[in-house]
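Close look at the chain arrangement
Now for the letters of each chain:
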Amino acid sequence: MDRESLRKISWGLSLLVFCLALFSTTAIISGDQYGRVNLLYLLLLFVAWPLLSLLFTLVLAVSKSSANSISSLLALPIWPRAWKDALSQLKRDDLQPAWLFCQSQKMALIFSFGCITAFVFVLLFNDVTFIWRSTLLRAEHVFPVLQFISIPWLPLESAQPLMGLVEASRDSRLQLNDQLSSASSWWRYVLMAQIVYSLLPRLLLFFWGTKKLASAIASVARSKVNSERQLKHLYEQQQMQKPPQQFTKMQYVSTFAEPFVILNWTSLPEALQDKLSAVIGVPEHIYQLAGNCDLQLELQAQRDSRAKLLIVAAWEPPMGELQDFMAQCQGVLMPLDWNAEQFTALNELHLEEWRRFCQSQVHWQLQQPQGLI
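Residues numbered from 1 in each chain as written. Predicted model: local features only at pLDDT ≥ 70, side-chain atom pairs only at ≥ 80, totals over all residues. Heavy atoms only, no water.

Taken over all residues, the pLDDT of the protein has a mean of 80, while the share at 70 or more is 82%. Averaged pLDDT values for the elements of the protein fall to 58 in strand β3 (residues 251–253) and rise to 91 in helix α6 (residues 139–149). (pLDDT = per-residue confidence, 0-100. Helix = DSSP H or I, 4+ residues; strand = E, 2+ residues; numbered from the N terminus.)

It is worth spelling out the packing of aromatic side chains at this point. Applying the stated criterion across every chain yields a total of 12 aromatic pairs. Between the aromatic rings of F206 and F207, the centroid separation amounts to 6.1 Å while the plane-to-plane angle is 45°, which identifies the pairing as tilted. A network of ring pairs unites the aromatic residues W153, W186, Y189 and Y197 as a single cluster. Between K212 and the ring centre of F101, over which it is positioned, the NZ or CZ distance is 5.2 Å. (Phe/Tyr/Trp six-rings, centres within 6.5 Å; stacked < 30°, edge-to-face > 60°. Lys NZ or Arg CZ within 6 Å of the ring centre and 35° of its normal.)

Turning our attention to helix α2 (residues 39–63). Taking 1.5 Å per residue as the helical rise, α2 with its 25 residues ought to reach 36 Å, and the 35 Å between its terminal C-alpha atoms agrees with that figure. The largest bend in α2 is about 30°, located at A48, with the proline P50 one to four residues further on. Sitting at the amino-terminal end of α2 is N38, which places a side-chain oxygen 3.0 Å from the backbone nitrogen of L40. (Expected span 1.5 Å × (residues − 1). Bend = angle between axes of the 7 residues up to and from the residue. Polar contact = N/O pair within 3.5 Å; in protein donor to acceptor, adjacent residues only side chain to side chain.)

A cluster of nonpolar side chains, contributed by V120, F121, L124 and F125, occupies part of the molecular surface with about 460 Å² of accessible area. With respect to the helices, strands and loops of the structure, F121 is situated in helix α5 (residues 96–125). (Patch = residues over 30% accessible without salt bridge, like charges linked within 9 Å, V, L, I, M, F, W, Y side chains within 5 Å. Areas by Shrake-Rupley, 256 points an atom, 1.4 Å probe, with all protein chains shown as cover. Salt bridge = Lys/Arg side-chain N within 4 Å of Asp/Glu carboxyl O.)

Moving on, we get to the environment of C19. Looking at the element boundaries, C19 is found in helix α1 (residues 3–29). For C19, a relative accessible area of 31% puts it in the partly exposed group. When the C-alpha atoms of C19 and C115 are compared, they prove to be 9.6 Å apart, with 96 residues separating the residues in sequence. (Buried < 20%, exposed > 50% of the residue type's maximum accessible area, 1.4 Å probe, protein only.)

The next subject is the environment of Q288. Structurally, Q288 is set in strand β5 (residues 285–288). The class of Q288 is partly exposed, set by a relative accessible area of 40%. Taking the C-alpha atoms as reference points, Q288 and I262, separated by 26 residues in sequence, lie 8.4 Å from one another. Separated by 3.2 Å, the side chains of Q288 and N264 make a polar contact.

A general trend in soluble globular proteins is that nonpolar side chains are found buried together. Within the largest apolar cluster, 32 residues are counted, with the highest numbers of intra-cluster contacts made by F130, L146, W153, V166 and W186. Listing elements by their share of this core, those giving two or more residues are α1, α2, α5, α6, α7 (163–169) and α8 (187–241). Top contributing element to this core by residue count: α8, with 7 residues. Residues contacting W153, with those up to four places away along its chain left out, are A159, Q160, Y189, M192, A193, V196 and Y197. Within the second largest apolar cluster, 21 residues are counted, among which are V261, V312, M326 and L351. (Core = buried A, V, L, I, M, F, W, Y, C linked by side-chain atoms within 4.5 Å. Contact = heavy atoms within 4.5 Å.)

Remark: α2 packs on α6, axes separated minimally by 13 Å, with the N-to-C direction vectors making an angle of 30°. Between α2 and α6, the interaxial angle falls into the category roughly parallel. The crossing of α2 and α6 is left-handed. Residues L39, L40, L43 and V47 of α2 touch α6, and the partners they reach there are V142, L146 and I149. (Axes fitted to C-alpha atoms, helices over the stretch in contact; angles between N-to-C directions. Parallel < 35°, antiparallel > 145°, perpendicular 65-115°, else oblique. Left-handed = near helix turned anticlockwise from the far one by under 90°.)

Encoded structure:
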């Protein structure tokens, strides 16, 4: 996991969300030309919307859906390629859902903090009057709703709604209200609504998401350790039970002289593809065969008459699907290992496993690029 790139992604998203919160809240809270702000609009923004988004988040978490607002933001074509490679690494490590949930709560928390910052800033440097207008509603209808919303901060009497204040805050285009000057005291009520319904729930979910992400990272680390231990144990058993075998000899190449194509059987980051091309030469075409690719693409890659270089992730065990694909063509098999944006030396156990696999593939040759690490 590329922690540095993920940290930069988090900072980039935080800055974008915070600026969005500042501009949107400032535009709403500034009010009209007389500084009048509709209280009902603020309740929709600071109470109704946070509750609906919180409910939506909980539904997605329970249903384990992959939909996420952060994934939509990251899909924008404005982020560096290294960031996208780091996200691909998260997906391969099965950490993407936990990371996205944690980041979504962090962004919601930052958005709430940005809204509160803008709200306080406008109150400091502007004279704001909170009013409400409605053709159908009267003060007797609005007051119980405001009381119900203020239940969480009931001990704070200065931020509680009063019937007289609700009546004094009603504005009408047909009648002049000379009591609107007292309506500025609504700021305590609006501030508490933001803290209770926007800030605190997201703060709790962010702490829970952070703990969940840490648990997922620890689980992946344990799985890797167990996998390495099992692979080592299996290798030792095979060494004890079988006579020595002559495995396919590893060859090291510095470049490919003839025109060739790359068959990318793994999600090799684009930055590492560029580094590989700088060492072995630029391929005439790259077939992306990782994941559930189209069968027609596999057939096209198999029938390509140019020399083939098949790239695989060294830590992934050879599967039957790969063996079936290789049986229909010939070329060079090149297992690679990397961490973030750097190639690393192959683990000896992984190398022996790929040697044994390539031993049965008579039309394939095992090679490693020289000078890559």
